[in-house]
Structure formats: structure tokens, C-alpha cells
Amino acid sequence: QVQVVESGGGLVQPGGSLRLSCTASEHTSSFYTMGWFRQAPGKEREFVGAIASSGGLTTYADSVKGRFTVSRDGAENTVHLQMNSLKPEDTAVYYCAAGAKTLVNMRRGLVDYWGQGTQVTVSS
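Residues numbered from 1 in each chain as written. Predicted model: local features only at pLDDT ≥ 70, side-chain atom pairs only at ≥ 80, totals over all residues. Heavy atoms only, no water.

To continue, consider the overall build of the protein chain. The secondary structure content of the protein chain amounts to one helix and eleven strands. Each helix and strand of the protein chain, ordered N terminal to C terminal, gives the series β-β-β-β-β-β-β-β-β-α-β-β. The C-alpha atoms of the protein chain give a radius of gyration of 13 Å, which matches the 14 Å a tight globule of 124 residues would have. If you line up the protein chain on its principal axes, its C-alpha atoms span 40 × 25 × 25 Å. The proportion of buried residues among the 124 residues of the protein chain is 46%. Sequence-distant contacts in the protein chain: of pairs separated by 6 or more residues, those separated by 24 or more amount to 59%. In the structure as shown, the protein chain presents an accessible area of about 6300 Å², 47% of it carried by carbon and sulfur atoms. In the protein chain, 11 positive and 10 negative side-chain charges are present, and the distance between their average locations comes to 6 Å. (Helix = DSSP H or I, 4+ residues; strand = E, 2+ residues; numbered from the N terminus. Rg over C-alpha atoms; globule rule 2.2 N^0.38 Å. Buried < 20%, exposed > 50% of the residue type's maximum accessible area, 1.4 Å probe, protein only. Contact = heavy atoms within 4.5 Å. Areas by Shrake-Rupley, 256 points an atom, 1.4 Å probe, with all protein chains shown as cover. Lys, Arg positive; Asp, Glu negative; His and termini not counted. Charge placed at Lys NZ, Arg CZ, Asp CG, Glu CD.)

Here we come to the layout of surface pockets. Taken as a whole, the largest pocket holds about 170 Å³ of empty space. Lining the largest pocket we find Arg 38, Gln 39, Ala 40, Lys 43, Glu 44, Glu 46, Ser 63, Pro 88, Glu 89, Asp 90, Thr 91 and Ala 92. Of the residues assigned to the lining of the largest pocket, the class counts are three nonpolar, three polar and six charged. (1 Å grid on protein atoms, 1.4 Å probe; cavity = no way out; pocket = protein on both sides within 12 Å on 5 of 7 lines; lining within 4 Å. Points joined across faces, edges and corners; volume = space filled by probe spheres on them. Nonpolar A, V, L, I, M, F, W, Y, C, P; charged D, E, K, R; others polar.)

This next bit is on the packing of aromatic side chains. Tallied over the full model, the rule gives two aromatic pairs. With a centroid separation of 5.5 Å and 75 degrees between ring planes, the pair formed by Phe 37 and Phe 47 is classed as edge-to-face. With Phe 37 in strand β4 (residues 33–39) and Phe 47 in strand β5 (residues 46–51), this residue pair connects regions lying ten residues apart in the sequence. In this structure, Phe 37 and Phe 47 share a single accessibility class: buried. Centroid distance Phe 37 to Trp 114: 5.0 Å. Interplanar angle 65 degrees. Geometry classified as edge-to-face. In this pair, Phe 37 is assigned in strand β4 and Trp 114 in strand β10 (residues 113–114), connecting sequence segments 77 residues apart. Residue classification places Trp 114 among the partly exposed residues on the basis of a relative accessible area of 30%. The structure contains a cluster of three or more aromatic residues connected by ring pairs, namely Phe 37, Phe 47 and Trp 114. Its guanidinium or amino end placed over the ring of Tyr 95, Arg 45 lies 4.0 Å from that ring's centre, counting from NZ or CZ. Just above the ring of Trp 114 sits the side chain of Arg 45; from NZ or CZ to the centre is 4.4 Å. (Phe/Tyr/Trp six-rings, centres within 6.5 Å; stacked < 30°, edge-to-face > 60°. Lys NZ or Arg CZ within 6 Å of the ring centre and 35° of its normal.)

Okay, the state of the cysteines next. In this structure the tally under the stated criterion is one disulfide. Covalently, Cys 22 is tied to Cys 96 through a disulfide, its sulfur atoms 2.0 Å apart. Between Cys 22 and Cys 96, the S-S torsion sits near -80 degrees, and that sign places the bridge as left-handed. Taken together, the residues span a long stretch of sequence, with Cys 22 in strand β3 (residues 18–24) and Cys 96 in strand β9 (residues 92–100) at a distance of 74 residues. Judged by its relative accessible area of 0%, Cys 22 is buried. (Disulfide = S-S within 2.5 Å.)

Written out as C-alpha cells, the structure is:
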């Protein structure tokens, strides 16, 4: 069983930046597509961004495109979500996901492993 753990959440002012990290417990995570989702209070969980196992291909939700960047450190089995120009509507619990076979499946939430989530609050 692969364990997925997020870190880096917190409180940030509008227009600020924050970087989330996600680490998987086993080296086999290098074979996985990894991504990020978020869930705001009273809303359904939604896709944010993802990166393919090769580290080359990425895909993003329209709401974060140009502001958020997903990157991968294969040596450490870690994926990062760099969030810039944050808005109050970005406030949510952010979840790391791993194990989708394709980026399309990742966007659909068809993943094998989920992290516990980390809170991101954008407020002045």
C-alpha cells in the first residue's frame, strides 16, 4: 500500500504564493501519474493539476492555468504544487493523488491513492 502525504498548507494573503509538496512512501511511485485535487466547503472535490510519470506532460484545470505549476522530483518521489497569484476562491483542502494510469484518468479522479489533505486558506 502506497502512503501519500501532503505538506505545505497554510494561510496566505490574496496575491501571495504557496508551495505544497506530496511524498509517496515507496519508490514505485515513480511509475505513477500524480496530481492534485481540492475541495472547498460545501463543494465537490475538483481536479487542480497533474503530471505524468515521465515528468514531461502536465495538465491543469482552467481555473488555475497560468497560476499553478505541478512539478516532480523523481529521485525523492515527490511532487510539488507551486501556487502563485492566489485568490480567496482558491481556499480549500488540497489533496495529493497517485496511481492513475493516464492524465485523462487522473483528471477524472480515477486514482489508486489519496493523501489526507492539507488546508490552504487565502485571506487578508
